Amino acid sequence: MSAPAVEERFGRYGGRFVPETLISALDDLSAAWAAARSDTVFQDELSALLRDFVGRPTPLYPAERLSERIGRRVYLKREDLCHTGAHKINNAVGQTLLAKQMGKTRIIAETGAGQHGVATATACALMGLDCVVYMGSEDIRRQAPNVARMNLLGAKVEPVEAGARTLKEAVSAAIRDWVANVADSHYVIGSAVGPAPYPAMVRDLQRVIGDEARSQSLEAEGALPKRVIACVGGGSNSIGTFYAFLDDPVELVGVEAAGEGLESGRHGASLSAGSTGILHGALSSVLADDQGQILEAHSVSAGLDYPGVGPEHAHLRDTGRATYVSVTDTQALLAFREVARLEGIIPALESSHAIAWLLENAPESAGFDVLCLSGRGDKDLDEATAKLAELDG
Amino acid sequence: MAEAAPTTASSAPSPAAGADRIAAAFAAARHDGRAALMPYMMGAFPDAGSGRRIARVYSDAGADLVELGIPFSDPLADGPVIHAAATAALQAGATLESALEACREIASEIPVVAMCYSNMILSTGEDEFASRLAEAGAAGAIIPDLPLGEGAEIKEAMAVHGLAVVPLIAPTTSPERRREICAGAEGFVYLVSTTGVTGERAELPPELEDLAASAREESGVPVAVGFGISTPAQIASIAAIADGVIVGSRLVRAVQDAGDLESAAVAVSEFLAAAREALEGS
Ligand SMILES: Cc1ncc(COP(=O)(O)O)c(C=O)c1O
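So, here is what we can say about the structure in this document. Owing to the predicted nature of the structure, the values given are computational and were not obtained by experimental measurement. (Residues numbered from 1 in each chain as written. Chains lettered and ligands numbered in written order. Predicted model: local features only at pLDDT ≥ 70, side-chain atom pairs only at ≥ 80, totals over all residues. Heavy atoms only, no water.)

By the element assignment, S172 of chain A lies in helix α8 (residues 167–180). Residues in contact with S172 of chain A, not counting those within four places in the same chain, are H280 of chain A together with D74 and L76 of chain B. (Helix = DSSP H or I, 4+ residues; strand = E, 2+ residues; numbered from the N terminus. Contact = heavy atoms within 4.5 Å.)

This is the structure we're talking about:
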């Protein structure tokens, strides 16, 4: 088989900083993905699922009232219209299909916002595989509707009590489970993070967002967008959106969670305010103290509440190909409400970060922008409503 | 390099010094007709003073070498007991330096091998980290998230400071890879007994014997088995197939469960005495 190998590094970033026990499984996964991504049978099966089950292609929607409000044309890439309500399903369906083909019978996943957990539980129900989802108990509290969904779909949700009881600890717990059950289990990681080949594989599975958006832009406007904007947690919707535009004269903007402000130390901005380090098996940009202890992230949105980021983003930052900015909890909450009222779309709090940045950064210049609306905000209603009530006083 | 500090170590850092000290400890045990006993402890757990005391008890109770955990926030290779100990140590303010106090306490008597995760090494700076280990008298380092193929700079810095980088092999390691790891091993080869993270196990896998035999054949250094070993009977059976036995979670749990430092010292001392007994004539 002469399929091109899956990238292990992005500049100096990436790699496999994991226990030896996992190396053979990562080798197998790498080989399986290298083969599957250039295998037409696999790709046809995946495309059919993305079309008939996920509902792709998702629309590139001209957001008229939002455009009017900021004085620039904006298109929203409607990942919120995917089955299960976020881009996470693109990756979950792809990896689960691959795992099944590899003969794995049990799927492990982690989840923060619950979107990836729901997506993986959904894919497992579809394909008849056992599914266990690790979720921090703080996130279980914040994202209760998604916990109910996972249970209904037949997945087992394992609460994680370590640390701040959020996404970082859920990923660690999932990796530990995989270390112990690597023979029959596949770990469906939820973002473009982790040891190689995960960052490249997740990007390959999410690039459908940018591939569609690029041709939809050309169709709608006869031109490429001036700017492409996406929120960055672990970095999967953003890398998936950016990837198709890497070689184009298009500005790429990733929006991280500034939480209570970068200077407060309570944020999730690993690229804007982190340092080079290793978390969950990859060298990237992380939030850590001067002893190298990983710090807890903070964000109002569970999906951005993570002290690391995919290694490819660290590389795109260093090369200057993409720009990374951040917005606070408050800005995101206000954007959440504003878009609901302007467009009749309730965005996920994660996606609201990208919108919040756009609301304040819309220079008068030619061209139009594409923003990845990574998910819908139903899951956030309780949390956002309460927080907005506090803001309103 | 850190400025010259009073060294309590038996030997100043020089290339291969750590590996030599490790080799001597295994050879001495073998000379006694038994496998080496290498208990693990968490540094600065529950605090720096307790760490020193536990290290002292380990050395006095017949440890041949000591594996010293450096508390890290995200220990991917560790199960609940060691993870919780690291978290507790960090909450109590543990640092690399305070964890290494245990090393300083006993490094002139027996070799201490630090178990530390890559990110701490990278954040501190490879050379600075290695120099601090060496200055505290450590003989080597076990880096559970630095498999073959990663971290050349880390391995170089350790070598410059005379520290052996002990590699791990697992039941899932392919035979070719295992041969490569064993051939390049320094100090000893750490054979992970089971497919999993650290933690006590009721049973060890039957394939272990063959795996240990292959590793001993393929490496020029001793092979020690760790992960899951928690009873004298298991210690005796591992001693029959390997050059060293590593006991971790069982001892960390003894410290955790003890109400105070005195009872912790008694508990680990009693366990180590039983462990030494199980090793006699192995
Ligand atoms: C809707 C939505 N957007 C974005 C994210 C952030 O993840 P990523 O950066 O991998 O796209 C999440 C994560 O849970 C999410 O649910």
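There's plenty left to go through after this.
A few words on the nonpolar core. Across soluble globular proteins, nonpolar side chains have a tendency to be buried as a group. Counting residues in each nonpolar core, the largest one holds 203 residues, and the members touching the most others are L133, M158 and F188 of chain B. If we skip the residues at most four places from it in the chain, L133 of chain B touches L96, L100, A114, A138, G140, A141, M158 and L163 of chain B. (Core = buried A, V, L, I, M, F, W, Y, C linked by side-chain atoms within 4.5 Å. Buried < 20%, exposed > 50% of the residue type's maximum accessible area, 1.4 Å probe, protein only.)

On to the interface of chain A and chain B, then. Listed per partner, the contact involves 33 residues of chain A and 37 residues of chain B. When chain A packs against chain B, close to 2,600 Å² is buried across both sides, 53% of that on carbon and sulfur atoms. It is E20, R176 and Q291 of chain A that lose the most area in chain A upon contact with chain B, and together they represent 28% of the buried surface on that side. The residue R9 of chain A makes a salt bridge to E150 of chain B at a minimum N-O spacing of 2.8 Å. When residues of the side of chain A that touches chain B are traced back to their parent elements, those giving at least two are α1 (23–37), α8 and β11 (275–279) of chain A. The element that contributes the greatest number of residues to the side of chain A that touches chain B is α8 of chain A, accounting for 7 residues. Each residue belonging to the side of chain A that touches chain B can be placed in one class, and the counts come to 14 nonpolar, 11 polar and 8 charged. (Buried area = accessible area lost by both parts, 1.4 Å probe. Salt bridge = Lys/Arg side-chain N within 4 Å of Asp/Glu carboxyl O. Nonpolar A, V, L, I, M, F, W, Y, C, P; charged D, E, K, R; others polar.)

This next bit is on the pairing of strand β6 (residues 130–136) of chain A. Residue and element names in this part refer to chain A. In terms of burial, β6 is largely enclosed, as 6 of its 7 residues are buried. Regarding the hand of the β-α-β motif, the stretch spanning strand β5 (residues 106–111), helix α5 (residues 115–127) and β6 is right-handed. The pairing of β6 with strand β7 (residues 156–160) spans 5 bridges and is classified as parallel. Bridge pairing in β7 links V132 to K156. (Right-handed = clockwise from strand over helix to strand, strands pointing away. Pairing = 2+ DSSP bridges.)

Bringing the packing of aromatic side chains into the picture now. Tallied over the full model, the rule gives 9 aromatic pairs over all chains. Taking 6.0 Å as the distance between ring centres and 80° as the angle between the ring planes, the aromatic pair formed by W33 of chain A and F42 of chain A counts as edge-to-face. No difference in accessibility class separates W33 of chain A from F42 of chain A, as the two residues are buried. Look at W178 of chain A and Y198 of chain A: their rings are 6.0 Å apart centre to centre, the planes differ by 70°, and that puts the pair in the edge-to-face class. One end of the pair, W178 of chain A, is in helix α8; the other, Y198 of chain A, is in helix α9 (residues 198–221), and 20 residues separate them in sequence. There is no split in this pair, since W178 of chain A and Y198 of chain A are both buried. Counting every residue linked through ring pairs, the aromatic cluster contains F26, F188, Y190 and F227 of chain B. Lying across the ring of Y61 of chain A, R78 of chain A places its NZ or CZ 5.7 Å from the centre. (Phe/Tyr/Trp six-rings, centres within 6.5 Å; stacked < 30°, edge-to-face > 60°. Lys NZ or Arg CZ within 6 Å of the ring centre and 35° of its normal.)

This next bit is on empty space enclosed by the protein. Residue and element names in this part refer to chain A. Taken as a whole, this structure holds 9 cavities of 30 Å³ or more when the rule is applied. Together, 29 residues line the largest cavity, and H87, K88, G190, G303 and E350 are the ones closest to its centre. Taken together, the elements giving at least two residues each to the lining of the largest cavity come down to β5, α5, α8 and α10 (236–242). Considered class by class, the residues forming the lining of the largest cavity number 9 nonpolar, 16 polar and 4 charged. (1 Å grid on protein atoms, 1.4 Å probe; cavity = no way out; pocket = protein on both sides within 12 Å on 5 of 7 lines; lining within 4 Å. Points joined across faces, edges and corners; volume = space filled by probe spheres on them.)

Quick look at the site of the ligand now. All names here are of chain A. Taken together, 19 residues sit near the ligand, with S191, G233, G235, S236 and S374 positioned nearest. Between an oxygen atom of the ligand and a main-chain N or O atom of G235, the distance comes to 2.7 Å. With respect to the ligand, the side chain of S236 contributes an N or O atom lying 2.7 Å from an oxygen atom. For the ligand, whose free accessible area comes to 390 Å², the fraction covered by protein is 97%. In this structure the site holding the ligand corresponds to the largest cavity. Of the residues assigned to the shell around the ligand, the class counts are 6 nonpolar, 11 polar and 2 charged. (Near = heavy atom within 4 Å. Polar contact = N/O pair within 3.5 Å; in protein donor to acceptor, adjacent residues only side chain to side chain. Areas by Shrake-Rupley, 256 points an atom, 1.4 Å probe, with all protein chains shown as cover. Sits in = over half its atoms within 2 Å of the grid points.)

Function cannot be inferred from these measures alone, as they are strictly geometric.
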